[in-house]
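Coordinate inspection notes
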Amino acid sequence: NIAYGEEGVQVTVINADNTTSTLGADYVISTFSVGVLQDQHSTLFTPPLTPTYQNSLFQFPMSAYLKIYIRFPTRFWGNVWLYNYADERR
């Protein structure tokens, strides 16, 4: 949860051991994807985003993406561990 107000920002996270930690800051830069923000904005922010921000958020159309993992019997691609392709139309 990202709680924000006049006094700054408090970010509460769930740790790997299922405990919570809260971090304080003057500002926070969010790198959530637009799809995550569209789906979870109501539970991510306290207080909720203003209607203006919510309306702006839903002006971005989202598409489904698919990741395909393929295992080959031998390594033929050299020292590269990841290939990424995004279609030009997106």
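Before reading on, note that the structure itself is shown above.
What counts, and at which threshold
- Residues numbered from 1 in each chain as written.
- Predicted model: local features only at pLDDT ≥ 70, side-chain atom pairs only at ≥ 80, totals over all residues.
- Heavy atoms only, no water.
- Helix = DSSP H or I, 4+ residues; strand = E, 2+ residues; numbered from the N terminus.
- Buried < 20%, exposed > 50% of the residue type's maximum accessible area, 1.4 Å probe, protein only.
- Contact = heavy atoms within 4.5 Å.
- Areas by Shrake-Rupley, 256 points an atom, 1.4 Å probe, with all protein chains shown as cover.
- Pairing = 2+ DSSP bridges.
- Polar contact = N/O pair within 3.5 Å; in protein donor to acceptor, adjacent residues only side chain to side chain.
- Patch = residues over 30% accessible without salt bridge, like charges linked within 9 Å, V, L, I, M, F, W, Y side chains within 5 Å.
- Salt bridge = Lys/Arg side-chain N within 4 Å of Asp/Glu carboxyl O.

So, about the overall build of the protein chain. Helix and strand content of the protein chain: 2 helices and 4 strands. Listing every helix and strand of the protein chain by position from the N terminus yields β-β-β-α-β-α. Across the 90 residues of the protein chain, 12% fall into the buried class. Looking at the protein chain alone, contacts between residues at least 24 apart form 32% of all its contacts between residues at least 6 apart. Total accessible area computed for the protein chain in this model is approximately 8500 Å², and 57% of it derives from carbon and sulfur atoms.

Turning our attention to the pairing of strand 1 (residues 2-5). Inspection of the sheet shows strand 1 paired to strand 2 (residues 8-14) by 4 bridges, in the antiparallel sense. Along strand 2, the bridge assignment pairs Tyr4 with Val9. Connecting the antiparallel pair strand 1 and strand 2 is a turn made up of 2 residues. Pairing geometry for strand 1 and strand 4 (residues 45-46), over 2 bridges, is parallel.

What follows deals with the pairing of strand 2. Here 6 bridges tie strand 2 to strand 3 (residues 20-25), and the two strands are oriented antiparallel to one another. Looking across to strand 3, one finds that Thr12 is bridged to Thr22. Connecting the antiparallel pair strand 2 and strand 3 is a turn made up of 5 residues, with Asn18 showing a positive phi of about 75 degrees.

Moving on to the sheet that holds strand 4. Ordered by their spatial adjacency, 4 strands build an open sheet running 3-2-1-4, and the pairing between neighbours is mixed. Edge positions in the open sheet fall to strand 3 and strand 4, since each of these has one partner strand only.

The next subject is the environment of Gln54. Looking at the secondary structure, you find Gln54 in helix 2 (residues 51-57). With a relative accessible area of 23%, Gln54 lands in the partly exposed category. Along the chain, Gln54 and Leu37 lie 17 residues apart, while their C-alpha atoms are 9.3 Å from each other. If we skip the residues at most four places from it in the chain, Gln54 touches His41 and Leu49. At 2.6 Å, the side chain of Gln54 forms a polar contact with the backbone oxygen of Leu49.

Next up on the list: a nonpolar patch on the surface. Where nonpolar side chains cluster on the molecular surface, the patch consists of Ile68, Ile70, Phe72 and Phe76 and spans about 480 Å² of accessible area. Classification of Phe76 by relative accessible area gives exposed; the value is 58%.

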